[in-house]
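Coordinate analysis (summary)
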Amino acid sequence: MRISVPTIPTSLLAPTATAPPISKTEAVERISAFLSPGNAAVLTGAGVSVDSGIRAYRGANGRYMNPNYKPILYHEVVQETDEGSSFRQRYWLRSFLGYPSVRDALPNTTHFAIAALQHTSHISRLITQNVDGLHNKAVSSIWTPSKTASRILELHGTLHKVSCKNGHVVTRNVFQDWLAHANPRWSAFADELARTGRKLRTNPDGDVQLEEGASYDDFVVPDCPACLREHRRTNIHKPHLIFFGESISREVKDRSYQDIELADRLFIVGTTLATYSAFRLLKHALELGKPVLLLNVGPTRADALTPGVEKISLPSGSVLRDVVRALTGSQAAEDPVLAKFLSSGVVMPPTDDADVEGAVEPRAGR
């Protein structure tokens with residue numbers, strides 16, 4: 001089976017495929033004017049989470065930041081063969097080591113600025129391609145889980161839940177404990193990483209870059225306890241995210257289209273729109289005649305659609321707090337929720353590649 005990893009057409013990666021320069025002040029004014037009428041849908045991508053320490057797939061030039069990036073594919077992780085078992089060992093080992101950095105990540109200033117605009121109803125619907133749950137964390141102090149689920153759509157799922165092939169669901173923290181118990185050597189290695197502060201190169205989907213030659217043949221993927229209680233057995237588990245080669249559900253697709261249809265305009269932040277599930281939402285908005293504004297550094301798949309899409313090439317973290325202040329005026333200081341959100345958020349971009357390392361196999365006896 002041949003499946004291509006989503007990418008941006010080469011013609012759009014040329015230096016000419018960038019938006020005209022714009023000052024920060026002009027950008028704040030333009031975004032504020034765009035969002036001022038309210039009822040905007042927002043579509044976010046990996047660039048939004050960079051300041052939380054989660055690496056984006058692509059850099060400012062639109063190309064993959066890790067040239068050796070090779071994600072596991074959907075058919076590989078679910079196939080019931082020896083080869084499938086090997087793929088799952090590879091995936092779950094890398095994910096076991098990488099998940100804590102995603103689990104412990106904190107919302108950044110962009111997440112909280114968007115949360116502030118959700119609070120004020122300038123943003124009525126949020127669709128995110130990210131699987132890190134940071135948008136949910138940002139609004140968790142003001143919204144119930146049910147309200148969050150109705151206002152935030154995780155287009156590609158979440159890392160924070162896991163299902164076995166028979167449908168038993170557990171939190172990722174519970175599954176992480178299962179993996180640690182089944183793999184004491186790797187668990188000790190992970191504990192040592194945490195203790196010493198050593199950093200591994202983490203990919204945006206929550207796994208780490210293994211050093212060439214590292215072995216995962218002895219990594220144990222545990223059986224599902226609920227299945228064992230039902231007198232059946234499986235160790236085929238999958239996080240609640242969409243793998244390359246997997247389609248989003250009809251329910252999620254329909255909801256994403258509906259969110260675009262119910263909004264009056266579309267604001268796109270921190271994404272190249274390389275995946276078609278996101279790009280088609282932009283196309284749908286344009287077909288419906290809705291205004292579209294894109295805030296992203298570097299080339300995107302939307303660049304060929306100009307003048308239908310207005311683009312601002314600045315990092316979201318440099319402007320969105322000021323957008324909130326421009327839109328809310330004195331309310332920014334008088335409303336305790338806005339005041340809290342505008343003073344919250346980390347700015348901790350990922351460490352340069354020169355300062356991180358690949359994971360190597362722990363020595364016997366650890």
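Just so it is clear, the structure is predicted and the values come from calculations on it, not from any experiment. (Residues numbered from 1 in each chain as written. Predicted model: local features only at pLDDT ≥ 70, side-chain atom pairs only at ≥ 80, totals over all residues. Heavy atoms only, no water.)

What about the overall build of the chain?
Within the chain, the secondary structure is distributed over 14 helices and nine strands. Residues classed as buried in the chain amount to 51% of the 366 residues present. Pairs at least 24 apart in sequence give 79% of the contacts found in the chain among residues at least 6 apart. Surface summary for the chain: the accessible area is close to 16700 Å², and the carbon and sulfur share equals 51%. (Helix = DSSP H or I, 4+ residues; strand = E, 2+ residues; numbered from the N terminus. Buried < 20%, exposed > 50% of the residue type's maximum accessible area, 1.4 Å probe, protein only. Contact = heavy atoms within 4.5 Å. Areas by Shrake-Rupley, 256 points an atom, 1.4 Å probe, with all protein chains shown as cover.)

Thoughts on helix α12 (residues 320-328)
Every α-helical turn comprises 3.6 residues, leaving residues that sit three or four positions apart pointing alike. Among all positions in α12, only L320, V323, V324, L327 and T328 are buried. Mapping the buried residues of α12 onto a view down its axis gives an arc of 115°, with all of them on the same face. Taken together, the buried residues of α12 touch α1 (24-35), α4 (109-119), β7 (265-269), β8 (292-295), α13 (331-334) and α14 (336-342). (Arc of directions from axis to C-beta.)

Quick look at the confidence of the model for the chain
In the predicted model, the chain carries a mean pLDDT of 89, and the fraction of residues at 70 or more is 86%. Overall, residues 353-360 carries pLDDT values under 50, and its contacts beyond four positions in sequence, including any with other chains, amount to 25 contacts. (pLDDT = per-residue confidence, 0-100.)

Structural notes on unusual backbone geometry
Notably, S121 is not glycine yet its phi reads approximately 70°, a positive angle. Among the structural elements, S121 can be located in the loop between α4 and β2 (123-128). When its relative accessible area of 47% is taken as the criterion, S121 is described as partly exposed. The residue H231 is not glycine, and still its phi comes out positive at about 65°.

Quick word on the layout of surface pockets
Taken as a whole, the second largest pocket spans an internal volume of roughly 920 Å³. What lines the second largest pocket is a set of 33 residues, and nearest its centre among them are P100, S101, V102, K199 and T202. By residue number, the principal contributor to the lining of the second largest pocket is helix α3 (residues 82-103), which donates seven residues. Across the lining of the second largest pocket, the residue classes break down as 17 nonpolar, ten polar and six charged. (1 Å grid on protein atoms, 1.4 Å probe; cavity = no way out; pocket = protein on both sides within 12 Å on 5 of 7 lines; lining within 4 Å. Points joined across faces, edges and corners; volume = space filled by probe spheres on them. Nonpolar A, V, L, I, M, F, W, Y, C, P; charged D, E, K, R; others polar.)

Some thoughts on the packing of aromatic side chains
Aromatic rings considered in pairs are described by the distance between their centres and by the relative angle of their planes. A complete count under the given rule lists nine aromatic pairs for this structure. Seen from their ring centres, F34 and F267 are 6.4 Å apart, and the 50° between their planes marks the pair as tilted. In this pair, F34 sits in helix α1 while F267 sits in strand β7, placing the two residues 233 residues apart along the sequence. Each member of the pair F34 and F267 is classed as buried. Centroid distance W92 to F175: 4.6 Å. Interplanar angle 55°. Geometry classified as tilted. Taken together, the residues span a long stretch of sequence, with W92 in helix α3 and F175 in helix α7 (residues 172-182) at a distance of 83 residues. According to the relative accessible area criterion, W92 is buried, its value standing at 0%. Assessed through its relative accessible area of 0%, F175 is described here as buried. (Phe/Tyr/Trp six-rings, centres within 6.5 Å; stacked < 30°, edge-to-face > 60°.)

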